[in-house]
Amino acid sequence: MRKELGIGIIILILVLGGYFWFKESEKTKAPQSSLELEPKASPEVSREEKVQPEKEVSQLKEEKERSEAKEEVSEKVEQPLQVKEFNIIAKQWEFEPDTIRVKRGDRVRLIIESVDVAHGFGLPDFGIDEYLNPGDRVVVEFVADKKGVFPFRCTVYCGVGHSDMRGRLIVE
Ligand SMILES: [Cu+2]
């Protein structure tokens, strides 16, 4: 009976020991596995963190390029604000000067004055036709938005040479 009891106790100890050993190993395994997972997960996180700044840098680059492009565009838009001013004298039977040269995109301001009789200033390609009273300074402003040679002429009969009273606007 003692022998059997001893064997039973040994078996019980083995079984219990085995159970606790198994449980302990489970306990240690679990944290181990989580520890194993954490380093695995953390490089991924750090990779993402590394990627994100790269993304931000590339985004910043793109934004920089965009802003540079915007600056170029705004420069192009601002170009027409460059005013090129010309004083033109109208007299029998010519305009002085009779040739005006500007760049495409320039804002052109013509200050025209008749110094003798009434004349007109017609620049049909830009929709301009002004009556010039002698002694008055007439200001004409427009954007030279197209290239070409555009004739202007006197539009008010001013004498025998009226039809010769012409000039041209050259937009380069
Ligand atoms: Cu005329």
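Cut-off values and rules
- Residues numbered from 1 in each chain as written.
- Predicted model: local features only at pLDDT ≥ 70, side-chain atom pairs only at ≥ 80, totals over all residues.
- Helix = DSSP H or I, 4+ residues; strand = E, 2+ residues; numbered from the N terminus.
- Buried ≥ 20, exposed ≤ 12 C-beta atoms within 10 Å, placed from the backbone.
- Contact = placed C-beta atoms within 7 Å.
- Pairing = 2+ DSSP bridges.
- Axes fitted to C-alpha atoms, helices over the stretch in contact; angles between N-to-C directions.
- pLDDT = per-residue confidence, 0-100.
- Core = buried A, V, L, I, M, F, W, Y, C linked by C-beta atoms within 7 Å.

## Focus: the overall build of the chain
For step 1, the next point in the chain: Assigned secondary structure in the chain consists of 1 helix and 9 strands.
For step 2, the next point in the chain: Overall, the chain shows an N-to-C arrangement of helices and strands of α-β-β-β-β-β-β-β-β-β.
For step 3, the next point in the chain: Relative to its full complement of 172 residues, the chain shows a buried share of 13%.
For step 4, the next point in the chain: A sequence separation of at least 24 residues applies to 62% of the contacts in the chain between residues at least 6 apart.

## Here we look at the sheet that holds strand E4 (residues 107–114)
For step 1, the next point in the chain: Pairing in this open sheet of 4 strands is mixed, and the strands run E2-E1-E4-E7 from one edge to the other. Edge strands, defined here as strands with exactly one partner in the open sheet, are strand E2 (94–96) and strand E7 (137–143). Taking each pair of neighbouring strands and ignoring which way they run, the sheet shows an average axis angle of 25 degrees.

## Thoughts on the confidence of the model for the chain
Detailed reading of the predicted coordinates is not advisable wherever pLDDT is low.
For step 1, the next point in the chain: Per-residue confidence for the chain averages 74 on the pLDDT scale, and 53% of its residues sit at or above 70.
For step 2, the next point in the chain: Predicted confidence for residues 28–52 stays below pLDDT 50, and this span has 0 contacts to residues more than four positions away or in other chains.
For step 3, the next point in the chain: Taken together, the stretch residues 69–74 has pLDDT below 50 and engages in 0 contacts with residues farther than four places along the chain or on a different chain.

## Notes on unusual backbone geometry
For step 1, the next point in the chain: Between glutamine 92 and the following residue, tryptophan 93, the backbone shows a cis peptide bond with an omega angle of -5 degrees.
For step 2, the next point in the chain: Along the polypeptide, tryptophan 93 turns up in the loop between strand E1 (83–91) and E2.
For step 3, the next point in the chain: Geometrically, the link from glutamate 96 to proline 97 is a cis peptide bond, its omega value of 5 degrees lying close to zero.
For step 4, the next point in the chain: Topologically, proline 97 is positioned in the loop between E2 and strand E3 (99–102).

## Considerations on the nonpolar core
One recurring pattern in soluble globular proteins: nonpolar side chains tend to sit buried together.
For step 1, the next point in the chain: By size, the foremost hydrophobic cluster in this structure holds 17 residues, and its most contacted members are Ile88, Ala90, Ile112, Phe121 and Leu169.
For step 2, the next point in the chain: For this core, the elements supplying multiple residues, two or more each, are E1, E4, strand E5 (119–123) and strand E9 (166–171).
For step 3, the next point in the chain: A total of 3 residues in this core trace back to one element, the largest contributor, which is E4.
For step 4, the next point in the chain: Not counting the four nearest positions on each side in its chain, leucine 169 is found in contact with Ile100, Leu123, Phe150 and Phe152.

## What to know about the environment of glycine 148
For step 1, the next point in the chain: With respect to the element layout, glycine 148 can be found in strand E8 (residues 148–153).
For step 2, the next point in the chain: Measuring from C-alpha to C-alpha, the distance between glycine 148 and arginine 168 comes to 10.0 Å, with 20 residues separating the pair along the chain.

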